[in-house]
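Read off the chains here:
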Amino acid sequence: MSHEFQPGLNWITSRDNPLLKDLRRLANDSSAYRKQGRFWVEGEHLCQAALDRGWSPVLAVLSQSLDTSSVSRWSSKSLKTMVIP
């Protein structure tokens, strides 16, 4: 099944997307999380550890190359899911 047709997935296709720029800042600037009041967790292991500690993600950003079952699993854990190429 293609990710494109899964309900609830939002696609970011432009590098100039404001949300993507904001997320890049959050991931790359060590002080951005203080300014924005949120943080970035990357990788299945760290994401699972955050879930195990009771954190509930507001946004899941997934790679288009992620397998369908993982996309379904992670998108069900967050309020909003974005897919990037």
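Residues numbered from 1 in each chain as written. Predicted model: local features only at pLDDT ≥ 70, side-chain atom pairs only at ≥ 80, totals over all residues. Heavy atoms only, no water.

**Student:** I'd love a proper account of the overall build of the chain, names of residues and values included.
**Tutor:** For the chain, the count of helices and strands is four helices and three strands. N-terminal to C-terminal, the α/β element order of the chain is β-α-α-α-β-α-β. The C-alpha radius of gyration computed for the chain amounts to 13 Å, which stays within 12% of the reference 12 Å derived for 85 residues, consistent with globular compactness. If you line up the chain on its principal axes, its C-alpha atoms span 40 × 35 × 20 Å. Looking at the chain alone, contacts between residues at least 24 apart form 38% of all its contacts between residues at least 6 apart. Of the roughly 6,100 Å² of accessible surface on the chain, 53% is carried by carbon and sulfur atoms. Put simply, the chain has 11 plus and 8 minus side-chain charges, and the middle of one group is 7 Å from the middle of the other. (Helix = DSSP H or I, 4+ residues; strand = E, 2+ residues; numbered from the N terminus. Rg over C-alpha atoms; globule rule 2.2 N^0.38 Å. Contact = heavy atoms within 4.5 Å. Areas by Shrake-Rupley, 256 points an atom, 1.4 Å probe, with all protein chains shown as cover. Lys, Arg positive; Asp, Glu negative; His and termini not counted. Charge placed at Lys NZ, Arg CZ, Asp CG, Glu CD.)

**Student:** Break down the sheet that holds strand β1 (residues 9-11) for me, with residues and values.
**Tutor:** The strand order across the open sheet formed by three strands is β1-β3-β2, and the pairing between neighbours is parallel. With partners counted over all chains shown, the strands left at the sheet margins are β1 and β2 (59-63), one partner each. Neighbour-to-neighbour, the strand axes of the sheet open up by a mean angle of 30°, direction not taken into account. Pairing of β1 with strand β3 (residues 80-84) involves three bridges; the strand directions are parallel. Bridge pairing links N10 to M82 in β3. (Pairing = 2+ DSSP bridges. Axes fitted to C-alpha atoms, helices over the stretch in contact; angles between N-to-C directions.)

**Student:** Pulling in residues and values, what's your account of the pattern of salt bridges?
**Tutor:** Taken as a whole and assessed by the stated rule, the structure comprises three salt bridges. Note that R38 is salt-bridged to D22, the shortest N-O span being 2.1 Å. In this pair, R38 sits in the loop between α2 (32-36) and α3 (44-52) while D22 sits in helix α1 (residues 18-28), placing the two residues 16 residues apart along the sequence. Note on R38: relative accessible area 32%, which makes it partly exposed. Among the ionic pairs, E44 bridges to R73, the shortest N-O distance being 3.5 Å. A residue pair is termed long-range when its members are at least 10 positions apart, and E44 in helix α3 and R73 in helix α4 (residues 68-75) qualify at 29 residues. (Salt bridge = Lys/Arg side-chain N within 4 Å of Asp/Glu carboxyl O. Buried < 20%, exposed > 50% of the residue type's maximum accessible area, 1.4 Å probe, protein only.)

**Student:** Quick one: what's the story with the pairing of β3, residue by residue and with numbers?
**Tutor:** Strand direction decides the pairing type here: β2 and β3, joined by five bridges, are parallel. By the bridge assignment for β3, V61 is matched with M82.

**Student:** Any chance you could break down α1 for me, citing the residues and the numbers?
**Tutor:** Those residues of α1 lying buried are L20, D22, L23 and L26. One side of α1 holds all its buried residues, which, seen down the axis, span an arc of 160°. Opposite the buried face of α1, at more than 90 degrees from it, the exposed residues are P18 and N28. In the core, the buried residues of α1 are packed alongside α2, β2 and β3. (Arc of directions from axis to C-beta.)

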